[in-house]
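Close look at the chain arrangement
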Amino acid sequence: PDAYIEINNFYTLTVYEKGAEVVRMIHTLLGAEGFRKGSDLYFERHDGQAVTCDDFVNAMEAANSVDLTQFRRWYAQAGTPVLTIQQTYDSSAQILTLTISQHCPPTPGQAVKEPLHIPVTVGLINKDGSIAPCKLQDNSQASDEVILQLTQAEQTFTFEGLKEQPVASILRGFSAPVKLVMEHS
């Protein structure tokens, strides 16, 4: 938090669990190699020092040439985000569309929440259990899974080249500590 009354309020199970999940999300966003580069820079800069969350995120940004400004909201905003996913499949076009919206309910002192940067790892599975290719429109690479970068209140992601309607496997590896609501149409 930006301010506090009693420092002992920081030492709760929620604070420790959220801290670990936020660090893990950075690992998801940057990948193992990028996270290692950031960790190496962090220890090079701060070994033996008292540090802040910003020091850690700054090292991750510098080592990977990324901007995690929006991601820092995870440190400043209280509450658990709710992701609502609407899924539609168009058999004639062979595309699956996922529309993902994010909302974080108000908490004391924070009536309005800004959108967070949320990594959403998705895989697609055919009815026979085989892996369907994750190929986003306007992206030439197909893979077994993809990490969607949710940064707005609502975004739409379209997967192409799907001969049958797959089952979407959402938040693989528990890629973000959120509540999930699935809607099908």
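The coordinates are above.
Residues numbered from 1 in each chain as written. Predicted model: local features only at pLDDT ≥ 70, side-chain atom pairs only at ≥ 80, totals over all residues. Heavy atoms only, no water.

Focus on the overall build of the chain
Formally: Here a helix means four or more residues in a row that DSSP labels H or I, a strand means two or more in a row labelled E, and each is numbered from the N terminus. Type-normalised accessible area, obtained with a 1.4 Å probe on protein chains alone, sets the label of each residue: buried when under 20%, exposed when over 50%, and partly exposed for intermediate values. We call two residues in contact when some of their heavy atoms are within 4.5 Å. Computed by Shrake-Rupley with a 1.4 Å probe, the accessible areas treat only the displayed protein chains as cover when residues are assessed.
What the chain contains, in helices and strands, is three helices and eight strands. Across its three principal directions, the C-alpha atoms of the chain cover 60 × 40 × 25 Å. Expressed as a percentage of the 185 residues in the chain, the buried residues total 38%. Long-range contacts, defined here as pairs at least 24 residues apart, represent 66% of the contacts in the chain between residues at least 6 apart. Just so you have it, the chain exposes about 10,700 Å², and 52% of that area is on carbon and sulfur atoms.

Observations regarding the environment of G109
Assignment of secondary structure puts G109 in the loop between β2 (95-103) and β3 (118-125). The exposed category is assigned to G109, whose relative accessible area is 85%. For the pair G109 and Q77, spaced 32 residues apart in the sequence, the C-alpha separation amounts to 9.9 Å.

Points about the state of the cysteines
The test is simple: Any pair of cysteine sulfurs within 2.5 Å is marked as a disulfide.
One pass over the structure, following the stated rule, counts zero disulfides. There is no disulfide at C53, and the cysteine sulfur nearest it, in C104, is 17 Å away. Judged by its relative accessible area of 10%, C104 falls in the buried class.

A short note on the packing of aromatic side chains
The geometry of an aromatic ring pair is captured by the separation of the ring centres together with the interplanar angle, meaning the angle of the planes. The test is simple: Only rings of Phe, Tyr and Trp enter the pairing, Trp through its six-membered ring, and a pair is recorded when the two centres are within 6.5 Å. The plane angle decides the type: under 30 degrees is stacked, over 60 is edge-to-face, the rest tilted.
Counted under the stated rule, the structure contains three aromatic pairs. Residues Y42 and F43 carry aromatic rings whose centres are separated by 5.3 Å and whose planes lie at 70 degrees to one another, so their mutual orientation is edge-to-face. For F43, a relative accessible area of 53% corresponds to the exposed category. By way of ring pairs, the aromatic residues F35, Y42, F43 and F56 are connected into one cluster.

Overview of the pattern of salt bridges
Rules: We count a salt bridge whenever a side-chain nitrogen from Lys or Arg sits within 4 Å of a carboxyl oxygen from Asp or Glu.
Inspection of every chain in the model, using the stated rule, returns six salt bridges. A salt bridge links E21 to R24; the shortest N-O distance between them is 2.1 Å. Here R24 and E21 lie together in helix α1 (residues 13-46), a separation of three residues that amounts to about one turn. For R24, a relative accessible area of 26% corresponds to the partly exposed category. When the shortest N-O distance is used, the salt bridge between R36 and D40 registers 2.8 Å.

These values are about where atoms sit, not about what they do.
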